[in-house]
Amino acid sequence: MKHTKLMKPVNGLRHSGDLFAMSLDVLRTIPRRPFQVREFVQQAWFVASVTILPTALVSIPFGAVIALQIGGLTRQLGAQSFSGAASVLAVLREASPIVTALLIAGAGGTAICADLGARKIRDEIDAMQVLGIDPIHRLVVPRVLASMVVAVLLNGLVSVVGVAGGYFFNVVLQNGTPGAYLASFTTLAQLSDLWAAEVKALVFGAIAALVASYKGLTAKGGPKGVGDAVNQSVVITFMLLFVTNFVLTAVYFQIVPQRG
Amino acid sequence: MGVEICVEGLTKSFGDQVIWQNVSLTLPAGEVSVLLGPSGTGKSVFLKSLVGLLKPEQGSIRIAGTDITKLREHDLYEVRKSFGVLFQDGALFGSMNLYDNIAFPLREHTRKSESEIRRVVLEKMEMVGLIGAEEKLPGEISGGMRKRAGLARALVLDPEIILFDEPDSGLDPVRVAYLNQLIVDLNAQIDATFLIVTHDIASARQVPDNIGLLFRRELVMFGPREKLLTSREPVVRQFLNGRMQGPIGMAEEKDAATMAREAVHFGNALQKEQPSPLDMTPRLLPGPGIDRPPRWQAIAESEARREGTRS
Ligand SMILES: Nc1ncnc2c1ncn2[C@@H]1O[C@H](COP(=O)(O)OP(=O)(O)OP(=O)(O)O)[C@@H](O)[C@H]1O
Ligand SMILES: [Mg+2]
């Protein structure tokens, strides 16, 4: 049997090269006027509308699980006064970037990829280019920026909802003391943790939208091609996001002094 | 005024699949040319190469003197503004209604006021018979209507070169007749260079100045209409007459055995066939209301002469 093109390692390299080239194009195109305000607002609204509800629903149990784990652990160690501190730290530093990454790639990225892919196979993208309009400027840049903004907002949302969920579980269900929980908030976590998480979210939003756009714009082979593109875009984005998360976390620990 | 397109030694392949190779032809400025070929021979790929959407591996495409295969992306966008392209499925923007689709190029590239845009858009919509469908979305109309809307959008900027990818497939015979008349009228009015990809032999016989035929990864023949219509080349005759006997099979190429069997069966009738005067279908001329430029006057005169000799 003739082996398929996907299996050739050279192809993987070429695709990462093309993806990188497109990212540079996007970067170069961002300053170009006129900025597509309408498309940006529409896309931001759209990405937000498909991600906000699932994000809130995912972050409540996430905060709760963390609170349960930490609550049990701190009681065993006799360090109940630290349970608030530990769960805030866990939510801010680890949970919120991961939840944001999952949602922005799983809900936002797939929607972008499917939309652009459908346009590609209907020749709409080609028609646009023939009409003298650069799809990177018109379609990709607004989507990337919208996805970045929404990712930052989502990260804020996850932090708030996660911490609130943790509070609820610790105080109401595990009979923790509200005062101790709140007072210990800042013993381990610090404001720079929040900033770092927001920066991560910004990068995740950009990566998710770039991969989704690249996969969408290179879709081929009819409706099935769009399905494949969406599928690949999710897998690639997840891998990239987890690697980026690791790298960013490592860098953050190097440059910001830690408390506790 | 239309511009000349000069293609030389063009070769395009995807991976190791060669689509066509060494294609050379010249589309004379202001003339109508038709490109024929069995399904899957890369006619759409050829059109996309002409506007720089696909990059051929070898050869050059000179449009009014500039080789577009060597242009950078940014300069390509400028060149493309002189093109009007009708894509195979219309390629309308799915999120806009027909009116906005057709107004799109005007809003993007001109400083016309909304009322002026409205006038131009409605004029083009009337031309293609879409009045009353302004508010419809592309997903809500038939394939034939999408095609006509795509044509209207290709025309709004008064392009110098118009490429049509199967303007007549999916239309009913009456619409095809109207469309052919529309194409001829347009050519007389705006004098642009036309390239039409089609499967419709009747249109190919009546409409163009030049005909080309793509087959087996090559441009078998390209030349004036008379030359192809009276050609004795088996592929050309088979295609222009829409017959099964000949080198073209269901799967693009026939094998030698089938060909030999057929040759016996049909008693080599094909080889002996002489071109008859009937091969020359009369040309479609611009309608009565249209002012004929000198080029079309000359064509009308030579048609009248031929008509005279026949009867
Ligand atoms: N982007 C692409 N990538 C890979 N192969 C392609 C691509 N576009 C077209 N092809 C291949 O090129 C060949 C020619 O396709 P094309 O659409 O040009 O045919 P066509 O002559 O227009 O046919 P039809 O008359 O049916 O429209 C096909 O085999 C198709 O699979
Ligand atoms: Mg085609």
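Just so we're clear, the structure is a prediction, and the values are computed from it rather than from any experiment.

Student: Sorry if this is basic, but what is going on with the layout of surface pockets here?
Tutor: Any empty space left between the atoms is revealed when a probe the size of a water molecule rolls over them. Considering only enclosed or pocket space, the second largest pocket measures out at about 590 Å³ in volume. Along the walls of the second largest pocket sit 20 residues, with Arg38, Glu39 and Arg138 of chain A together with Met96 and Phe104 of chain B positioned nearest its centre. Put simply, the parts of the chain that give the lining of the second largest pocket at least two residues each are α2 (37-77), α3 (83-121) and α5 (135-173) of chain A together with α3 (98-109) of chain B. At six residues, the largest contribution of residues to the lining of the second largest pocket is made by α2 of chain A. Partitioned by chemical class, the residues of the lining of the second largest pocket number seven nonpolar, four polar and nine charged.

Student: So what exactly am I meant to see when it comes to the UniProt feature "domain: ABC transporter" (unreviewed entry) in chain B here?
Tutor: Listed under "domain: ABC transporter" (unreviewed entry) in the UniProt record, and renumbered for this structure, are residues 5-241 of chain B. With 39% helix and 26% strand, residues 5-241 of chain B has its two end C-alpha atoms placed 28 Å apart.

Student: Quick question: what am I supposed to make of the UniProt feature "transmembrane region" (unreviewed entry) in chain A here?
Tutor: Residue and element names in this part refer to chain A. Residues annotated in UniProt with the feature "transmembrane region" (unreviewed entry) correspond here to residues 44-68, 98-118, 144-169, 194-214 and 234-255. Annotated as residues 98-118, this span is 100% helix and 0% strand, and its ends, taken at the C-alpha atoms, are 29 Å apart. What you have in residues 194-214 is 100% helix and 0% strand, and the ends, taken at the C-alpha atoms, are 30 Å apart.

Student: How should I be thinking about the coordination of the magnesium ion (ligand 2) in this particular structure?
Tutor: Octahedral metal centres with six donors ideally show angles of 90 or 180 degrees, and tetrahedral centres with four donors ideally show 109.5 degrees. For the magnesium ion (ligand 2), the protein coordination sphere consists of Ser44 of chain B (OG) and Gln88 of chain B (OE1), at 1.9 to 2.3 Å. Of this pair, serine 44 of chain B sits in helix α1 (residues 43-50) while glutamine 88 of chain B is found in the loop between β6 (83-86) and α3, placing the two residues 44 residues apart along the sequence.

Student: Would you mind going over the environment of glutamate 123 of chain B with me for this structure?
Tutor: Residue and element names in this part refer to chain B. Its location among the elements puts glutamate 123 in helix α4 (residues 114-127). Classification of glutamate 123 as partly exposed rests on a relative accessible area of 41%. C-alpha of glutamate 123 to C-alpha of arginine 148: the two residues are 25 residues apart in sequence and 13 Å apart in space.

Student: Please clarify how the packing of α3 of chain A against α5 of chain A should be interpreted in this entry.
Tutor: The axes of two packed helices give the description: the angle between them and the distance between them. All names here are of chain A. Taken N-terminus to C-terminus, the directions of α3 and α5 make an angle of 145°; their axes are 7 Å apart at the nearest point. Judged by the sense of rotation from one axis to the other, the crossing of α3 with α5 is right-handed. Within the contact of α3 with α5, the residues separate by chemical class into 14 nonpolar, eight polar and three charged.

Student: Got a minute to help me understand the sheet that holds strand β2 (residues 17-27) of chain B in this structure?
Tutor: In any sheet, the strands associate via hydrogen bonds between backbone groups, in a parallel or an antiparallel arrangement. Here four strands make up an open sheet; going across it, the order is β2-β1-β4-β5 (chain B) and the pairing antiparallel. Each edge of the sheet is formed by a strand with only one pairing partner; in this case those strands are β2 and β5 (66-67) of chain B.

Student: Help me understand the nonpolar core in this model?
Tutor: One broad rule of soluble globular proteins: the nonpolar side chains tend to lie buried together. If you look at the biggest cluster of nonpolar residues, it comprises 55 residues, and the most contacted ones within it are Leu36, Leu98, Val121, Leu151, Phe164 and Phe194 of chain B. The element that contributes the greatest number of residues to this core is helix α6 (residues 173-190) of chain B, accounting for seven residues. Discounting chain neighbours no more than four positions away, the residues touching phenylalanine 194 of chain B are Glu31, Val32, Ser33, Ile162, Phe164, Ile183, Leu186 and Asn187 of chain B. Residues Ala48, Ile104, Ile125 and Ile207 of chain A belong to the second largest nonpolar core, which totals 44 residues.

Student: How do you make sense of the site of ligand 1 when you look at a structure like this?
Tutor: Neighbouring ligand 1 are 14 residues, the closest being Ser39, Gly40, Lys43, Ser44 and His199 of chain B. Those chains with residues close to ligand 1 are chains A and B. Within the backbone of threonine 41 of chain B, a nitrogen or oxygen atom sits 3.3 Å from an oxygen atom of ligand 1. Between serine 44 of chain B and ligand 1, the recorded distance is 2.7 Å, taken from a side-chain N or O atom to an oxygen atom. Broken down by secondary-structure element, the contributors of at least two residues to the shell around ligand 1 are β2 and α1 of chain B. Residue classes in the shell around ligand 1 are distributed as three nonpolar, eight polar and three charged.

Quick notes on the rules
- All chains use their own residue numbering, which begins from 1 and follows the written sequence.
- Working convention: letters from A go to chains and numbers from 1 go to ligands, in the order in which they are written.
- Residues qualify for local features only when their pLDDT is at least 70, as the model is predicted, and side-chain atom pairs are given and counted only at 80 or more; totals for whole chains, interfaces and linings, by contrast, use all residues.
- Each side-chain value is derived from all of the structure's non-hydrogen atoms; neither hydrogens nor water enter the calculation.
- A cavity here means a set of points on a 1 Å grid, drawn over the protein atoms and nothing else, where a 1.4 Å probe fits but cannot get out; a pocket is an open set with protein on both sides within 12 Å along at least five of seven lines, and a residue lines either one if it has an atom within 4 Å of a point.
- Grid points are joined across faces, edges and corners, and a volume is the space filled by probe spheres set on the points.
- Helix numbers and strand numbers start at the N terminus; a helix is a DSSP run of H or I with at least 4 residues, a strand a run of E with at least 2.
- Throughout this entry, Asp, Glu, Lys and Arg are counted as charged residues, while Ala, Val, Leu, Ile, Met, Phe, Trp, Tyr, Cys and Pro are counted as nonpolar. The remaining residues, Gly among them, count as polar.
- UniProt positions are given in the numbering used here, feature names are shortened, and annotations may be inferred rather than shown by experiment.
- Counted as coordinating are nitrogen, oxygen and sulfur atoms within 2.8 Å of the metal, or 3.2 Å for Na, K and Ca, while water is not included, which may make sites look incomplete.
- Type-normalised accessible area, obtained with a 1.4 Å probe on protein chains alone, sets the label of each residue: buried when under 20%, exposed when over 50%, and partly exposed for intermediate values.
- Lines fitted to C-alpha atoms define the axes here, with helix axes fitted over just the stretch in contact, and angles between the N-to-C directions of these axes take values from 0 to 180 degrees.
- In this scheme the handedness of a crossing depends on how the near helix is turned from the far one: anticlockwise by less than a right angle means left-handed, clockwise means right-handed.
- The criterion for strand pairing is that DSSP finds at least two bridges linking the strands in question.
- The nonpolar core is taken to be a set of buried Ala, Val, Leu, Ile, Met, Phe, Trp, Tyr and Cys residues, with the residues joined through side-chain atoms within 4.5 Å.
- Residue contacts follow a heavy-atom distance rule, with two residues in contact if any of their heavy atoms lie within 4.5 Å.
- Here a residue is considered near a molecule or strand provided that any single heavy atom belonging to it is located within 4 Å of it.
- Any pair of nitrogen or oxygen atoms within 3.5 Å is treated as a polar contact; in protein, a donor-acceptor pairing is required on top of that, and neighbouring residues in sequence qualify only through side-chain atoms on both sides.

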